[in-house]
Amino acid sequence: MGEKDIIVIINPKARKGRAEEKAVLIERLFKKAGRDVSVVFTKGVGHAEKLAAKGCDDGYKTIVAAGGDGCVNEVINGIMRHVSSVKPCMGIIPIGRGNDYAWSLGIPADVEKAVDIIVSGSGSPVDVGVVEVLGEKRARYFLNGNGYGFEPLVNFKAMEFKRINGMASYVLAFIKILFSPPVPYQVRLETEEESVDILTQQISICLGRRMGSAFMLAPDAVVDDGFFDLMYTKRPFSRASLLAAAVWFLSGRHLRHERYFKGYRTRSVRIRSQQPVVASHADGEIVSYMDGKDFNIDLIPSAVFVFRPVSCNR
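The rules behind each value
Residues numbered from 1 in each chain as written. Predicted model: local features only at pLDDT ≥ 70, side-chain atom pairs only at ≥ 80, totals over all residues. Heavy atoms only, no water. Helix = DSSP H or I, 4+ residues; strand = E, 2+ residues; numbered from the N terminus. Buried < 20%, exposed > 50% of the residue type's maximum accessible area, 1.4 Å probe, protein only. Polar contact = N/O pair within 3.5 Å; in protein donor to acceptor, adjacent residues only side chain to side chain. Axes fitted to C-alpha atoms, helices over the stretch in contact; angles between N-to-C directions. Parallel < 35°, antiparallel > 145°, perpendicular 65-115°, else oblique. Left-handed = near helix turned anticlockwise from the far one by under 90°. Contact = heavy atoms within 4.5 Å. Nonpolar A, V, L, I, M, F, W, Y, C, P; charged D, E, K, R; others polar. Phe/Tyr/Trp six-rings, centres within 6.5 Å; stacked < 30°, edge-to-face > 60°.

1. Considerations on the environment of Asp-229
- As for its position among the elements, Asp-229 is in strand β11 (residues 228–233).
- A relative accessible area of 11% means that Asp-229 is categorised as buried.
- Between the alpha carbons of Asp-229 and Pro-108 there is a distance of 24 Å; along the sequence they are 121 residues apart.
- In this structure the side chain of Asp-229 is engaged in a polar contact, spanning 3.2 Å, whose partner is the side chain of Arg-265.

2. Examining the packing of helix α2 (residues 47–57) against helix α3 (residues 69–81)
- Two elements in contact, α2 and α3, have axes whose closest approach is 7 Å; the angle formed by their N-to-C orientations is 40 degrees. Taken together, the axes of α2 and α3 lie oblique to each other. Between α2 and α3 lies a crossing whose hand is right-handed. In contact with His-47, Ala-48, Glu-49, Ala-52, Ala-53 and Cys-56 of α2, α3 contributes Cys-71, Glu-74, Val-75, Asn-77, Gly-78, Ile-79 and Arg-81.
- Along the lines of polarity and charge, the residues of the contact of α2 with α3 split into seven nonpolar, three polar and three charged.

3. Regarding the packing of aromatic side chains
- This model, assessed by the stated rule, comprises eight aromatic pairs.
- Residues Phe-142 and Phe-228 carry aromatic rings whose centres are separated by 5.9 Å and whose planes lie at 20 degrees to one another, so their mutual orientation is stacked. Within this pair, whereas Phe-142 is found in strand β6 (residues 140–142), its partner Phe-228 is found in strand β11, the two being separated by 86 residues in sequence. Comparing Phe-142 with Phe-228, the two get one shared label, buried.
- An angle of 65 degrees between the planes, with centres 5.6 Å apart, marks the rings of Phe-249 and Phe-261 as edge-to-face. You can see Phe-249 sitting in helix α8 (residues 239–251) and its partner Phe-261 sitting in strand β12 (residues 261–266), a full 12 residues away along the chain. As far as burial versus exposure is concerned, Phe-249 and Phe-261 are alike and both buried.
- Aromatic rings pair up to connect Phe-237, Trp-248, Phe-249, Tyr-260 and Phe-261 into one cluster.

The structure is reproduced here in structure tokens:
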């Protein structure tokens, strides 16, 4: 099939339904720039991945995710699962709730400016992570991060709110989880640096710098350096210490508190739990809902070209 220009995949429910209003503007801006563009809407969970896969089949040169981190995650899964030696380029128009990965890339929330970046052709290949739950048929790709324990529970709680959006939803979710902190997991953690048994409430495997609209879990992460930024808690937290940790996350200074945290760069991670009780997310999408046990996480360097400001390449 012949090569086509741009397909924009829009989650009309992003930002509590307000994203649909942006569709006309997005289409007009691309056409004004002289680009051939098709705009399609998602109809439910998993549909963006199917639309992205079809976009690959149809020969589009660029597939754009217009939504939040969930839409971005589904689109990268559609692209990465497609059997092709040449992947289409990926664009992001951040009109969702969290937009954490777009923030790490320096892509502005302003729709016109985000479209301008795609039209300009500015960008570079970025790393992609993939998490496999042992015993399940499909792995899940991710661009921003893969989390275990406290982090996914906050994300899952934020997803339940119907009228609260953005950073406020994550802060409120954190407060709710704080009243019933997760029981620490006894897991075997294996990386290039260590193989250790730990009792932990959180493991974060990051490509981007930020989670939950405000929490700087990996302040020094670089999206194309060929490494994950791994961070985990070394000891159980009380409610009071969890509150302190939240403040540290907001400023990105948690790794200075070596009594509680450990962090370093790695290219692969293995997590083995004694019981199937582990909660996990990838870019905010559910990997396991308090029922996971064994996970393999690997990095695919420079896997897909993403449009972003040149000044943010490093």
